[in-house]
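# Descriptive structure summary
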Amino acid sequence: MWNNKIDQTTNAVTCPGCGLSCDDLKIVTSNGRLTSMHNGCVRAHRFYDTAFSNIDRTPMIDGTPSSLDEAIERGAELLQKSCSPLFAGLATDVNGMRSILGLADRCGATLDHMNGDALLRNLRVVQDNGWFTTTFTEVRNRADLILIVGGQCIERFPRLVERVLHPAEGLFSKPDDRKLVLLGPWIGGRVPDLLEHLNPTLIPLELEALSDAVAMLRALIAGRPVNTGRLDGNLGDALSDLADALKAARYSVICWSAAELDLPHSELTILGLAELAKALNNESRSAALPLAGTQGDITCNQVSTWQLGYPVRTRLQRGYPEHDPLLNRWQDLIERGENDLLLWVASLSSETIPPSCDAPTIVLGHPGMVFNAPPALYIPVGVPGVDHQGHWYRSDSVCSLPLGKLREIGLPSVSHLINRLHERLQPAASEPAGDDPC
Ligand code: SF4
């Protein structure tokens, strides 16, 4: 039995604060409270501080406190009445997502992750063209040139430098010999200190100009006749130098965060980056490193893909999966009023509150959530990696990492709650076979 009263020191904790999933944190708790943390970045501190400072586990029905049994009853009622439910958010661990898929199948729901836009920017490229990606370990040990596209990789993945780009040592290439090129909105030359120390080559340009720059880079590498002078300033010359450096590298890595590339048609820019890595493999070794995984988006997508055969943005209304990356976008479904219920799952952050929606909303959410308007039902859930054990996938998708438990305050996991709702929806013995309860 879990004993909150004793001091606990847990080593090798996997942090679910971002998709990097650092697994070297040391966390000390006493009496169920966080007392110290080692190796955590600012973002990790925010993640654990928020989780440990929120302990209220009272469910709310229309803003009124209720028991958990009443809340489950109300949730089952709402699901039962719904003909076209939308299950969105989906920020949970592997077990949570597996249970969600079971319930979605039962209810004929449509599924999308809160980061669906960013996720699909990458997935469209995989679906249409395929890509060649690498892992954090490969980058640490082999890369001799790393091209970082965009300007937010460090903000979004704070320990990227020490964990991946420039670790203390590398097996087959020396991190100190590694070249780093930053292609992105570095106008004015201000670079985060962590990157500045690595003496990077800066190629400043607005994100809107990225697509042109990537196209020119591909043409240069393919040996096409290109007028580099048509680009502003000395951008053409800088791209020409970069093309030469990429061709000369033994193992180049091209890294971006699709969440930052929030521009119309940016999947075409990502396609260009993926194709660039492919072309470089004709003569040497190169690979893409798309950064993602925050709020469990990679986890959600992995489980969806292995269970349904399709990624998120899939509808289960006809008894089989129908994947449509455009029609099943959660924001559009809500705006068009196509869902008559929203089940919003967000166990990892108190800030990911549900969108405003005309349909009744069930929230299985972080215990620190504060709503603009009370949803039809809110059940606080345990934070994976704090309140319960589990697994989740980091950005490079290659392995699932274990999430540990750090306290016991009675907050149920998403998986537990979804399974209870599912059980409640099972047909009673008296119900005719094949009767659809949702
Ligand atoms: S970089 Fe990400 S995974 Fe690593 S400690 Fe910070 S928030 Fe956690």
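Residues numbered from 1 in each chain as written. Predicted model: local features only at pLDDT ≥ 70, side-chain atom pairs only at ≥ 80, totals over all residues.

### Here we look at the overall build of the protein
When its secondary structure is counted, the protein shows 14 helices and 19 strands. Residues classed as buried in the protein amount to 48% of the 438 residues present. Excluding contacts between residues fewer than 6 apart, the proportion of contacts in the protein whose partners are at least 24 apart in sequence is 66%. (Helix = DSSP H or I, 4+ residues; strand = E, 2+ residues; numbered from the N terminus. Buried ≥ 20, exposed ≤ 12 C-beta atoms within 10 Å, placed from the backbone. Contact = placed C-beta atoms within 7 Å.)

### Some words on the packing of helix 3 (residues 94–107) against helix 12 (residues 297–308)
Two quantities define a packed helix pair, namely the angle between the axes and the distance from one axis to the other. Orientation of helix 3 relative to helix 12, taken along the N-to-C sense of each, is 45°, at an axis distance of 9 Å. The angle between helix 3 and helix 12 places the two elements in the oblique class. Handedness of the helix 3/helix 12 crossing: right-handed. On the side of helix 3, the interface is formed by Val94, Met97, Arg98 and Leu101, while helix 12 contributes Thr299, Cys300, Val303, Ser304, Gln307 and Leu308. Its residues assigned to classes, the contact of helix 3 with helix 12 shows 6 nonpolar, 3 polar and 1 charged. (Axes fitted to C-alpha atoms, helices over the stretch in contact; angles between N-to-C directions. Parallel < 35°, antiparallel > 145°, perpendicular 65-115°, else oblique. Left-handed = near helix turned anticlockwise from the far one by under 90°. Nonpolar A, V, L, I, M, F, W, Y, C, P; charged D, E, K, R; others polar.)

### As for the domain arrangement of the protein
Once the domains are mapped, the protein shows domain 1 (59–115 + 295–395 + 410–425) and domain 2 (120–291). The gap between the C-alpha centroids of domain 1 and domain 2 is 35 Å. Taken together, the contacts link 5 residues of domain 1 with 5 residues of domain 2. Residues of the side of domain 1 that touches domain 2, tallied by class, amount to 2 nonpolar, 2 polar and 1 charged. (Domains from an automatic or database assignment.)

### Brief notes about helix 4 (residues 116–128)
An ideal rise of 1.5 Å per residue puts 18 Å on 13 residues; helix 4 measures up with 17 Å between its terminal C-alpha atoms. Of all the bends found along helix 4, the most pronounced is centred on Asn122 and spans about 25°. Within the sequence span of helix 4, burial applies to Gly116, Ala118, Leu119, Leu120, Arg121, Asn122, Leu123 and Val125. Residues of helix 4 that are buried sit in contact with strand 7 (110–113), helix 11 (266–280), strand 12 (285–291), helix 12 and helix 13 (330–335). Two residues or fewer past helix 4, Gly130 is found with a positive phi of approximately 75°. (Expected span 1.5 Å × (residues − 1). Bend = angle between axes of the 7 residues up to and from the residue.)

### A word on the sheet that holds strand 4 (residues 60–61)
With mixed pairing, 9 strands are arranged side by side in an open sheet as 5-4-17-16-15-6-7-13-14. Each of the sheet's edge strands pairs with one partner strand only, and the pair in question is strand 5 (64–65) and strand 14 (322–323). (Pairing = 2+ DSSP bridges.)

### A word on the sheet that holds strand 2 (residues 25–30)
Here 3 strands make up an open sheet; going across it, the order is 1-2-3 and the pairing antiparallel. Every interior strand has two partners, whereas the edge strands, strand 1 (8–13) and strand 3 (33–38), have only one. Neighbour to neighbour, the strand axes of the sheet diverge by 20° on average, direction disregarded. Across 5 bridges, strand 2 lies against strand 3 in antiparallel orientation. Across the sheet, Ser30 pairs through a bridge with Arg33, a residue of strand 3.

### Things to note about the site of the ligand
The environment of the ligand is made up of 13 residues, and the closest members are Cys15, Gly17, Cys18, Cys22 and Cys41. Its residues assigned to classes, the shell around the ligand comprises 8 nonpolar, 3 polar and 2 charged. (Near = placed C-beta within 6 Å.)

### Overview of the nonpolar core
One broad rule of soluble globular proteins: the nonpolar side chains tend to lie buried together. Judged by nonpolar contacts, the single largest core of 126 residues is most densely connected at Leu90, Leu217, Ile254, Cys255 and Leu273. Looking at this core, you find at least three residues from each of domain 1 (59–115 + 295–395 + 410–425) and domain 2 (120–291). Aside from chain neighbours lying at most four places away, what touches Ile254 is Leu147, Val149, Leu273, Leu276, Ala277, Ser286, Ala288 and Leu289. (Core = buried A, V, L, I, M, F, W, Y, C linked by C-beta atoms within 7 Å.)

### Considerations on the packing of helix 2 (residues 68–81) against helix 14 (residues 414–425)
At their nearest, the axes of helix 2 and helix 14 sit 9 Å apart, and the two run at 60° to each other. Taken together, the axis directions place helix 2 and helix 14 in an arrangement best described as oblique. Our pair here, helix 2 against helix 14, has a crossing hand that is right-handed. Here Ile72, Gly75, Ala76, Leu79 and Gln80 of helix 2 come into contact with helix 14, specifically with Arg420, Leu421, Arg424 and Leu425. By residue class, the composition of the contact of helix 2 with helix 14 is 5 nonpolar, 2 polar and 2 charged.

### A closer look at the pairing of strand 16 (residues 361–365)
Across a regular strand the side chains alternate sides, sitting on one face of the sheet and then on the other. Of all 5 residues in strand 16, 5 are buried, a share of seventy percent or more. Two strands pair when backbone bridges link them, and strand 15 (residues 341–346) and strand 16 are joined in this way by 5 bridges, in the parallel orientation. Opposite Leu342, over in strand 16, you have Thr361 as the bridge partner. The sheet contact formed by strand 16 and strand 17 (residues 377–380) spans 4 bridges and is parallel. Each bridged residue has a counterpart across the sheet, and for Leu364 the counterpart in strand 17 is Ile379.

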